[in-house]
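# Architecture and fold: a report
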Amino acid sequence: MHEPLQRLLQKCKTQIAALGLPALGHLCGIMEMTLQADEDFLFRVCQKVLTSMPDVRLKELAKIANICSFFSFWPVIEGQDFSLVLLRECERSIRVADVAAYPSKMVELLAAFAHVGCFSKKLLQFMNQRAFWKSYFSQPKPLLATNDLLQLHYAVEMEFPEFGRPLILESALKGMLSDEGSSPPPLNSAVSSLFNGLQKLLLQENQTATQQSVALCSPLPYAEPMLLVRLKDLNPIPLPPDLLETGYSLRSPPSDGTCTVIIYHPWWDYTSPHQRLTGLSEMKIRHLKTLGYNVIQINQRETHNMSFVLKVKHLRDKLFFETANVAVPLDYVSDKDSQKKTPSSLKS
C-alpha cells in the first residue's frame, strides 16, 4: 500500500467512532483510486455502517457498497455476510423521498449489490415508478451513472427473473446504448494486438475459416469488446453471424460449447493486497458463463514482461489447452521460446 495512505488509515482506525460516514466514505474513495485496500479499515467501516442504521443516508450506503463491490470485499460480521445484512437494512430504511432526491445513488447501490449477485425486489420496485425515471433523467449524474444502470438492468435480466419485468423499457434501452456518452471505451491496444496475432496463428490452421472464427465484440451490451473465438476439435470454425451483431440484446452462443470469450485483464482490474478481481469483472465472467461461453482470462500482470510473440503463444496455449479441459503446463512457454526467431506471421 502507498505509505502515506497507510499512515493516514492507521491514524483513522482509532478514530472511526468519532468520524462521520461521509469522511470515512472519502477515505474509502482514496483507496479505490489507488487500488489499495486496507481490509481491517474496511471491516471497521462496515461495522460502523451496521451500528448506525437506520440513520445512514442513501449517499453513504451507495458509497460503502460500491467500495465493497470494487474490492470484492464483503466481510462476515458476527457470523453474517455483510452484503446480505446490508441489503436487509436497506430494505428497512430507504424511503421514497430518499430515492427521489438521489436516484443515481439508488442505482449505484443496487448495481454494487448486483455485482455480488444480491437482489431485492422491494428495492427494485422503487425504480418501477414513472416518478423515479423523471427524477433520474432530469438530475445531473456522475460520469459512470449510465454504466451502473446498464449493468443493473442486465444483471436483473440474467440473475433475478423474480422481478418479472425488464428494468429499463426497450425504447429507453436502445437510446442509452446508442448515446455517445454511454458508448464503450476505446479498444485496449493489447486486446487489439492479441486479436491480430490470434488471427494470424489460426490462419495457419485453416485459411478459409479464420476470418469468421475470431472477432472483437461483446456478448454483454454493458461491457467492452472482447476476443471471441470458435473452435471445434481445436480447429477454427465460423462464428454465427448473430453473435457479431451490435445491439441491446444479450447474445448466447450455440449450445455445442465451441465459443470461447477471452478476457484480457489490465492491471487495474485487480486490487491489492490480494490481487482480487473487481466485483464488476467477476460479474462479467459470471454472466458470460451463464450465457454458455467458455471463458479464458489473460492477466496483464503475468504477461507484461513477455514479447508480443510470447503473449500470442501464451494465448494460443491457454485457448487450446483450456478448451480441451487440459491444464496448461507451467513451463509450456519456456525461456528458450523467447530466443527463437520471430515467425514472420507473428511480427507486430
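None of the values given here were measured: they were computed from a predicted structure.

### What to know about the overall build of the protein
The number of helices and strands found in the protein is 17 helices and nine strands. Across the 348 residues in the protein, those meeting the buried criterion constitute 48%. Taking the intrachain contacts of the protein between residues at least 6 apart in sequence as the baseline, contacts between residues at least 24 apart amount to 72%. Here the protein has roughly 17500 Å² of accessible surface; of this, 52% comes from carbon and sulfur atoms.

### A short note on a nonpolar patch on the surface
A surface patch of nonpolar side chains, amounting to about 280 Å² of accessible area, comprises Leu8, Ile30 and Met33. Relative to the assigned elements, Met33 resides in helix H2 (residues 21–34).

### Points about the packing of H2 against helix H3 (residues 39–52)
For the pair H2 and H3, the least separation of the axes is 11 Å and the interaxial angle reads 150 degrees. In terms of orientation, H2 lies roughly antiparallel with respect to H3. Once H2 is placed against H3, the crossing between them reads as left-handed. Contact residues: H2 offers Leu21, Leu24, Leu27, Cys28 and Met31, while H3 offers Phe41, Leu42, Val45, Lys48, Val49 and Ser52. Across the contact of H2 with H3, the residue classes break down as nine nonpolar, one polar and one charged.

### Description of the nonpolar core
One finds Phe41, Leu61, Ile94, Met106, Leu109, Met127 and Leu152 to be the most contacted residues of the largest nonpolar core, which totals 88 residues. Sequence-distant contacts of Leu109, defined by excluding residues within four places in its chain, comprise Leu58, Leu61, Ala62, Ala65, Cys90 and Ile94. Ranked by size, the runner-up nonpolar core spans 18 residues in total, among them Val229, Ile262, Tyr264 and Phe320.

### Looking at the confidence of the model for the protein
Across the protein, the average pLDDT comes to 82, with 86% of residues at 70 or higher. Contacts from residues 326–348, a stretch scored under 50 in pLDDT, to residues over four places away or in other chains number 30 contacts.

### Details of unusual backbone geometry
The linkage connecting Met53 with the following residue, Pro54, adopts the cis geometry, with an omega of 10 degrees. Of note, Pro54 is situated in the loop between H3 and helix H4 (58–70). For Glu78, which is not a glycine, the phi torsion comes out positive at approximately 50 degrees. With respect to the element layout, Glu78 can be found in the loop between strand E1 (76–77) and strand E2 (80–81).

### As for the side chain of Thr260
Note on placement: Thr260 falls in strand E6 (residues 259–265). Thr260 sits in the buried class, given a relative accessible area of 2%. Within polar-contact distance, the side chain of Thr260 engages the side chain of Asn294 at 3.3 Å.

### Here we look at the environment of His287
Checked against the element boundaries, His287 lands in helix H14 (residues 279–291). Accessibility expressed as a relative area gives 0% for His287, which makes it buried. Residues His287 and Met158 lie 129 residues apart in sequence; the distance between their C-alpha atoms is 7.3 Å. Discounting residues that sit within four places of it in the chain, His287 has contacts with Tyr154, Ala155, Met158, Glu159, Leu220 and Tyr222. Of note is the side chain of His287, whose polar atom sits 2.8 Å from the side chain of Tyr222.

### Structural notes on the packing of H3 against H4
One way to put it is that H3 packs onto H4 with a least axis distance of 11 Å and a crossing angle of 145 degrees. Our pair here, H3 against H4, has a crossing hand that is left-handed. Here H3 contributes Leu42, Val45, Cys46 and Val49 to the contact with H4, which in turn contributes Leu61, Ile64, Ile67 and Cys68. Residues that form the contact of H3 with H4 fall into these classes: eight nonpolar, no polar and no charged.

### Let's talk about helix H5 (residues 82–93)
With 12 residues, H5 extends 16 Å between its outermost C-alpha atoms, agreeing within 8% with the 16 Å of an ideal straight helix rising 1.5 Å per residue. Of all the residues in H5, the buried ones are Phe82, Ser83, Val85, Leu86, Leu87, Glu89, Cys90 and Ser93.

About the cut-offs
- Residues numbered from 1 in each chain as written.
- Predicted model: local features only at pLDDT ≥ 70, side-chain atom pairs only at ≥ 80, totals over all residues.
- Heavy atoms only, no water.
- Helix = DSSP H or I, 4+ residues; strand = E, 2+ residues; numbered from the N terminus.
- Buried < 20%, exposed > 50% of the residue type's maximum accessible area, 1.4 Å probe, protein only.
- Contact = heavy atoms within 4.5 Å.
- Areas by Shrake-Rupley, 256 points an atom, 1.4 Å probe, with all protein chains shown as cover.
- Patch = residues over 30% accessible without salt bridge, like charges linked within 9 Å, V, L, I, M, F, W, Y side chains within 5 Å.
- Salt bridge = Lys/Arg side-chain N within 4 Å of Asp/Glu carboxyl O.
- Axes fitted to C-alpha atoms, helices over the stretch in contact; angles between N-to-C directions.
- Parallel < 35°, antiparallel > 145°, perpendicular 65-115°, else oblique.
- Left-handed = near helix turned anticlockwise from the far one by under 90°.
- Nonpolar A, V, L, I, M, F, W, Y, C, P; charged D, E, K, R; others polar.
- Core = buried A, V, L, I, M, F, W, Y, C linked by side-chain atoms within 4.5 Å.
- pLDDT = per-residue confidence, 0-100.
- Polar contact = N/O pair within 3.5 Å; in protein donor to acceptor, adjacent residues only side chain to side chain.
- Expected span 1.5 Å × (residues − 1).

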